[in-house]
Amino acid sequence: MKQQALPLPPDVRLMNATATVLFAACAALLVAALGWWVLRNPVFAIRGIVVQGDVAHNSVATLRANVLPRLRGNFFTVDLRKTREAFEAVPWVRRAVVQRQFPNRLRVRLQEHEAEAFWGTDSDSALVNTHGEVFVANPGDVDQEDLPHLDGPDGSAAQVLAMYRALKPMMEKLDLGIAQLVLSGRGGWTLTLDSGARVELGRGTDDEVLARSQRFADTLTQVTAKYGRKPEALVTADLRHTDGYAVKLRGVTTKDTGTQRN
């Protein structure tokens, strides 16, 4: 016959419960002590930063000097998000990926901005990178001295850069470069060439503006040759006409005729 276990006496149950509570309390104290030791132990203080990736415009020493004083905590407690933001606040740094490297280092991989144009007409400190993003940097650090100036309403940098990229090969076929491209708040485009010529591209969708620009680029050589000039003789051009475009050449003012239009 199977025997049934007898219930423990109340004093035994109380003793077991007390022992469990004491054991849990000791474990908690041990964990807390371990945590305090980790937080206070100088072995885990951030001792260095390993920098990888693009550092063409910032030396490793400069990056460390700018970022290390802003770090708070040790290897376990340092805020990686704030550390990343500290790196991305350094001029020319576009993106930073930060990882812990046991026991007391951080590993950072950087991507720098690649400037494609200046942004704004009032200052040379703002630039546009190849992703169409505006950033601020020392213009003296720009590798290329002949970058164009782009400008437009807030948030339009990517659109203006895309228009510049589409117009550039058209003008290069005329042996002309783009010095400035501006998108007004009302949607009008104005192009300034490296020869000093000013071209009003007008308003409309990007495709419409590019179609007018392509017609201009395809026929300007014919128009200027008619008057014994080359495209660099252009002073102004107005592409806002529905049936063609008007040009002013050095010493000559005329309109293109149907024989010059596409």
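Anything mentioned here points back to the structure above.
Residues numbered from 1 in each chain as written. Predicted model: local features only at pLDDT ≥ 70, side-chain atom pairs only at ≥ 80, totals over all residues. Heavy atoms only, no water.

K.L.:
Tell me about the sheet that holds strand β3 (residues 105-112), and name the residues and values.
P.N.:
Strand order across the open sheet formed by three strands is β1-β3-β2, with mixed pairing between neighbours. Two strands in the sheet have a free side with no partner beyond their single neighbour: β1 (48-53) and β2 (93-101). Averaged over all pairs of adjacent strands, the angle between strand axes in this sheet comes to 25°, irrespective of strand direction. Taken together, the six bridges between β1 and β3 define a ladder with parallel strand orientation. By the bridge assignment for β3, Val 51 is matched with Val 108. Contacting β1, β2 and β3, helix α2 (residues 60-67) crosses the sheet at an angle of about 130° to β1. (Pairing = 2+ DSSP bridges. Helix = DSSP H or I, 4+ residues; strand = E, 2+ residues; numbered from the N terminus. Axes fitted to C-alpha atoms, helices over the stretch in contact; angles between N-to-C directions. Contact = heavy atoms within 4.5 Å.)

K.L.:
Which residues make up the packing of aromatic side chains, and what values go with them?
P.N.:
In this structure the tally under the stated criterion is four aromatic pairs. Ring centres 5.2 Å apart and planes at 90° place the aromatic pair Phe 75 and Phe 76 in the edge-to-face group. Judged by its relative accessible area of 7%, Phe 75 falls in the buried class. Ring pairs connect the aromatic residues Phe 75, Phe 76 and Phe 102, which therefore count as one cluster. (Phe/Tyr/Trp six-rings, centres within 6.5 Å; stacked < 30°, edge-to-face > 60°. Buried < 20%, exposed > 50% of the residue type's maximum accessible area, 1.4 Å probe, protein only.)

K.L.:
An account of the nonpolar core is requested, with residue identities and associated values reported.
P.N.:
One finds Leu 181, Phe 216 and Leu 234 to be the most contacted residues of the largest nonpolar core, which totals 37 residues. The biggest single contributor to this core is helix α4 (residues 157-172), with eight residues. Sequence-distant contacts of Leu 181, defined by excluding residues within four places in its chain, comprise His 149, Leu 150, Asp 151, Val 160, Met 163, Tyr 164, Leu 167, Trp 189, Thr 190, Leu 191 and Leu 201. (Core = buried A, V, L, I, M, F, W, Y, C linked by side-chain atoms within 4.5 Å.)

K.L.:
Lay out helix α5 (residues 206-226) in plain terms, naming residues and giving numbers.
P.N.:
The end-to-end C-alpha distance of α5 is 30 Å, a good match for the 30 Å that 21 residues give at a rise of 1.5 Å each. The principal kink in α5, of about 45°, is found at Thr 219. Those residues of α5 that sit buried are Val 209, Leu 210, Arg 212, Ser 213, Arg 215, Phe 216, Ala 217, Thr 219, Leu 220, Val 223 and Thr 224. Among the structural elements, α4, β9 (189-193), β10 (198-202), β11 (234-238) and β12 (246-249) are those in contact with the buried residues of α5. Downstream of α5 by one or two residues, Gly 228 has phi in the positive range, about 70°. (Expected span 1.5 Å × (residues − 1). Bend = angle between axes of the 7 residues up to and from the residue.)

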